[in-house]
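Survey of secondary and tertiary structure
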Amino acid sequence: MNPLFEEEFRFNQASRPSWESSQQHRNTVTRYLKQLSSVQGDRLCVLGAGNCNDLDLNQLLQVYDEIHLVDLDQSALEYALEAQNLSEESAVFCHTGDLTGVGEQLAELSRKEDTSQSLLDEVLKELSGSNPLELPGPFDVVCSTCILSQLVLQVIHAVGETDPRFEELMQAVRAQHYRTIVDLITPGGSGLIVSDFVSSESAADLKQVPDFQFTQYLSQLLSSRNFFHGVHPGILLAQLQGKSPLARQVCNLEMLPPWRWDLGMRQYAVAGIRFERIP
């Protein structure tokens, strides 16, 4: 078994009992996704769906004709459908796949005492395009749900943050994920990128801070560099702005107000970005 994948499987298993505590986060993500559905017959694709504790699938089926859930962990997707009483729902489709396409190569890098430069070059070449994932796209709406931090964590476990080429590899994974999202959206369709960027493990006051002080508190955390590597909300927004390669393909870009995700065992601060693909 790929040790990097095992880590995600363990996280999914541990977080399964978090449906109730995730209600506020789930309501927020579900509301934004319902707003993005513009016409009857829209198709939704969710990358990194996992246990779907952050998706109310029954509500989403009120506005989407099809929902496609994509994750590395097939058992998590099966659990999600069973937990929401949708195991026999023909409008929900589950797809299992490695979201980067280089998971096995990253695992091989993690087993080596010294980073293999030739293998790393091979991985970077693979990451230079989008990952089609063999999905029946394009889709009217594509959402990435708190999976980017997990993809960056794979890189950390593969080569370590002190490796001279860590930043290069992390940025390549992030850029590929964005390209994959945009490429999966039909022209004129919409995207929603949701990312957790700091947890109560490094910010113990995260759960106790009053709502009216929440944004200011997060700004202080970001200023002190207390956030997950590679997912600073400003950096995530910049991937679709200015002279970035994808900026010419998107419009109506909006950073959403941050919110909390109570996962029971820990709490997270979450950022959201929504946009449209240019027709």
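What counts as what
- Residues numbered from 1 in each chain as written.
- Predicted model: local features only at pLDDT ≥ 70, side-chain atom pairs only at ≥ 80, totals over all residues.
- Heavy atoms only, no water.
- Helix = DSSP H or I, 4+ residues; strand = E, 2+ residues; numbered from the N terminus.
- Rg over C-alpha atoms; globule rule 2.2 N^0.38 Å.
- Contact = heavy atoms within 4.5 Å.
- Areas by Shrake-Rupley, 256 points an atom, 1.4 Å probe, with all protein chains shown as cover.
- Lys, Arg positive; Asp, Glu negative; His and termini not counted.
- Charge placed at Lys NZ, Arg CZ, Asp CG, Glu CD.
- Core = buried A, V, L, I, M, F, W, Y, C linked by side-chain atoms within 4.5 Å.
- Buried < 20%, exposed > 50% of the residue type's maximum accessible area, 1.4 Å probe, protein only.
- Axes fitted to C-alpha atoms, helices over the stretch in contact; angles between N-to-C directions.
- Parallel < 35°, antiparallel > 145°, perpendicular 65-115°, else oblique.
- Left-handed = near helix turned anticlockwise from the far one by under 90°.
- Nonpolar A, V, L, I, M, F, W, Y, C, P; charged D, E, K, R; others polar.
- Polar contact = N/O pair within 3.5 Å; in protein donor to acceptor, adjacent residues only side chain to side chain.
- Phe/Tyr/Trp six-rings, centres within 6.5 Å; stacked < 30°, edge-to-face > 60°.
- Disulfide = S-S within 2.5 Å.

The name given to the protein in an unreviewed UniProt entry is Class I SAM-dependent methyltransferase, and the organism recorded there is Gimesia chilikensis.

Considerations on the overall build of the protein
The helix and strand inventory of the protein stands at 10 helices and seven strands. Taken over C-alpha atoms, the radius of gyration comes to 18 Å for the protein, in line with the 19 Å a tight globule of 279 residues would show. Projected onto the principal axes, the alpha-carbon positions of the protein cover approximately 50 × 45 × 40 Å. Of all intrachain contacts in the protein linking residues separated by at least 6 positions in sequence, the fraction that spans at least 24 positions is 77%. Counting every atom, the protein has about 12,500 Å² of accessible surface; 47% of that belongs to carbon and sulfur. Taken as two groups, the 20 positive and 37 negative side-chain charges of the protein have centres that lie 6 Å from each other.

Brief notes about the nonpolar core
Among soluble globular proteins, nonpolar side chains are generally buried collectively. Membership of the largest hydrophobic core comes to 58 residues, with the highest contact counts inside it found for Leu47, Leu169, Leu218 and Leu240. In terms of residues, this core owes the most to one element, helix H8 (residues 166–184), which gives nine residues. Listed in part, the 30 residues of the second largest apolar core include Leu60, Tyr64, Leu69 and Val270.

Points about the packing of helix H7 (residues 148–159) against H8
The contact between H7 and H8 brings their axes to 10 Å, and the two run at 150°. Considering the angle they form, H7 stands roughly antiparallel to H8. As H7 packs across H8, the resulting crossing turns out to be right-handed. Facing H7, whose interface residues are Leu148, Leu151, Val152, Val155, Ile156 and Val159, H8 presents Phe166, Leu169, Met170, Val173, Arg174, His177 and Tyr178. Residue classes in the contact of H7 with H8 are distributed as 11 nonpolar, one polar and one charged.

Here's the deal with the side chain of Ser244
By the element assignment, Ser244 lies in the loop between helix H10 (233–238) and strand E6 (250–262). A polar side-chain atom of Ser244 sits 2.9 Å from the main-chain carbonyl oxygen of Gln241. Those residues in contact with Ser244, other than ones at most four positions away along the chain, are Ala238 and Gln239.

A look at the packing of aromatic side chains
Within the structure shown, the criterion is met by three aromatic pairs. Look at Tyr32 and Trp259: their rings are 5.8 Å apart centre to centre, the planes differ by 45°, and that puts the pair in the tilted class. Taken together, the positions of Tyr32 in helix H2 (residues 23–36) and Trp259 in strand E6 put the pair 227 residues apart, joining distant regions of the chain. The exposure class of Tyr32 is buried, given its relative accessible area of 9%. Owing to a relative accessible area of 6%, Trp259 belongs among the buried residues under this scheme. Arranged with centres 5.9 Å apart and planes meeting at 40°, the rings of Trp261 and Tyr268 form a pair that is tilted. With respect to burial, Trp261 and Tyr268 carry one shared label: buried.

Structural notes on the state of the cysteines
Inspection of every chain in the model, using the stated rule, returns zero disulfides. Of the cysteine sulfurs around Cys45, a residue in no disulfide, the closest is that of Cys143, at 9.2 Å. Residue Cys146 stays outside any disulfide, its sulfur separated by 8.5 Å from that of Cys143, the closest cysteine. The exposure class assigned to Cys146 is buried, which follows from its relative accessible area of 7%.

Observations concerning the side chain of Ser149
One can find Ser149 in helix H7. For Ser149, the residues in contact, after removing those within four places along its chain, are Asp196, Phe228 and Val231.

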